[in-house]
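Listed here are the chains, written in short residue letters.
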Amino acid sequence: MSHPPLKGVSLKGLEVFEMLARTGSVAQTADALGLSRPAVAQQCKNLDEALGAQLLDHRTRPMQLTPAGRVFLRRVEKALAALRAGQRDLTALDLSGLSALRLGVIEDFENDVTPRLTERLAESMLHCSFRLRTAASHVLHDLLNRRGLDMAICAALPQPPSYI
């Protein structure tokens, strides 16, 4: 079953939400992330609108998570932790000698993460032929199991691929 794309949800918005949940302050979040206060407020508003739920109670100081915000924060923290771990892994992994790479990326990231990732890979792997596949996590998992992909960035699955 394919999930609809998270329209209007950006990686920056998730990072802002995570920091706002931690600090409870637009000013502190803006300082921590190197953004303007209006940019932080806009990211928060965009995320609320995209999800159709208010994540933070703006009437309290410091701001507090709403019940929906508490539920969403747990998922956001896991997703951002996975992305950060993947970024660390790619930084530590020397792929410069590869001549071909078949990479799968979860569809939810195709508008924000994937272009930046492929640009960085292309810069560091000048002689590599890339094949990119965006799909739902379960599809990418199946492709990994059948060795149709060399690497995939997807949501956590109940069990690792059979060849690991």
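Everything that follows concerns the structure shown earlier in this document.
Residues numbered from 1 in each chain as written. Predicted model: local features only at pLDDT ≥ 70, side-chain atom pairs only at ≥ 80, totals over all residues. Heavy atoms only, no water.

Help me understand the overall build of the chain in this model?
Regarding its fold elements, the chain presents six helices and five strands. Traced from its N-terminal end to its C-terminal end, the chain shows the element sequence α-α-α-β-β-α-β-α-β-α-β. Counting every position in the chain, which comprises 164 residues, the buried fraction comes to 31%. Across the chain, contacts joining residues at least 24 apart in sequence account for 59% of those joining residues at least 6 apart. When the accessible surface of the chain is totalled, it reaches about 10,500 Å², and 53% of it is carbon and sulfur. (Helix = DSSP H or I, 4+ residues; strand = E, 2+ residues; numbered from the N terminus. Buried < 20%, exposed > 50% of the residue type's maximum accessible area, 1.4 Å probe, protein only. Contact = heavy atoms within 4.5 Å. Areas by Shrake-Rupley, 256 points an atom, 1.4 Å probe, with all protein chains shown as cover.)

Looking at this structure, I do not really get the nonpolar core. What am I missing?
Generally speaking, soluble globular proteins have nonpolar side chains that are buried together. One finds Phe-17, Leu-20, Leu-56, Leu-101 and Leu-103 to be the most contacted residues of the largest nonpolar core, which totals 29 residues. Within the residue set of this core, elements represented by two or more residues are helix H1 (11-23), helix H3 (37-51), helix H4 (67-92), strand S3 (100-106) and helix H5 (113-124). Apart from the residues lying within four places of it in its own chain, the contact partners of Leu-101 are Leu-121, Met-125, Cys-128, Ser-129, Phe-130, Arg-131, Asp-150 and Met-151. Core analysis: the second largest hydrophobic core is formed by five residues, Ala-135, Leu-140, Leu-143 and Leu-144 among them. (Core = buried A, V, L, I, M, F, W, Y, C linked by side-chain atoms within 4.5 Å.)

Any chance you could explain the packing of aromatic side chains here in plain terms?
Where two aromatic rings form a pair, the distance of their centres and the angle of their planes describe that pair. Counted under the stated rule, the structure contains one aromatic pair. Plain terms: the ring middles of Phe-17 and Phe-72 are 5.7 Å apart, the flat faces sit at 45° to each other, and that makes the pair tilted. Residue Phe-17 is found in helix H1, and its partner Phe-72 is found in helix H4; the two are separated by 55 residues along the sequence. (Phe/Tyr/Trp six-rings, centres within 6.5 Å; stacked < 30°, edge-to-face > 60°.)

Even after reading the chapter, I still don't get unusual backbone geometry, so can you show me in this structure?
Following Arg-61, the chain continues to Pro-62 via a peptide bond in cis, the omega torsion being -5°. For Pro-62, the position within the fold is in the loop between strand S1 (56-57) and strand S2 (64-65). Of note, Arg-147 is a non-glycine position whose phi angle comes to about 60°, a positive value. The residue Arg-147 is located in the loop between helix H6 (137-145) and strand S5 (151-153) in this model. Among the residues examined, Arg-147 registers a relative accessible area of 53% and is labelled exposed.

What is the right way to look at the sheet that holds strand S4 (residues 129-135) in this model?
Two strands in a sheet stick together by hydrogen bonds in their backbones, pointing the same way (parallel) or opposite ways (antiparallel). What the three strands build is an open sheet, ordered S4-S3-S5; its pairing is parallel. Edge strands, defined here as strands with exactly one partner in the open sheet, are S4 and S5. Strand-to-strand twist across the sheet, computed as the mean angle between neighbouring axes with direction ignored, equals 20°. Pairing geometry for S3 and S4, over seven bridges, is parallel. Across the sheet, residue Ile-106 finds its bridge partner in S4, namely Ala-135. Relative to S3, H5 is tilted by about 165°, and along the sheet it contacts S3, S4 and S5. (Pairing = 2+ DSSP bridges. Axes fitted to C-alpha atoms, helices over the stretch in contact; angles between N-to-C directions.)

Hey, could you run me through H3 in this one?
Since one α-helical turn is 3.6 residues long, residues separated by three or four positions face the same way. Over its 15 residues, H3 runs 21 Å from end to end, which matches the ideal 21 Å to within 8%, given 1.5 Å per residue. If you check which residues of H3 are buried, you get Val-40, Cys-44, Leu-47 and Asp-48. Seen along its axis, H3 keeps its buried residues to an arc of 100°; they face one direction. More than 90 degrees from the buried face of H3, the exposed residues found are Pro-38 and Glu-49. The N-cap residue of H3 is Ser-36: its side-chain oxygen and the backbone nitrogen of Ala-39 are 3.1 Å apart. A positive phi of about 70° marks Gly-52, the residue just after H3. (Expected span 1.5 Å × (residues − 1). Arc of directions from axis to C-beta. Polar contact = N/O pair within 3.5 Å; in protein donor to acceptor, adjacent residues only side chain to side chain.)

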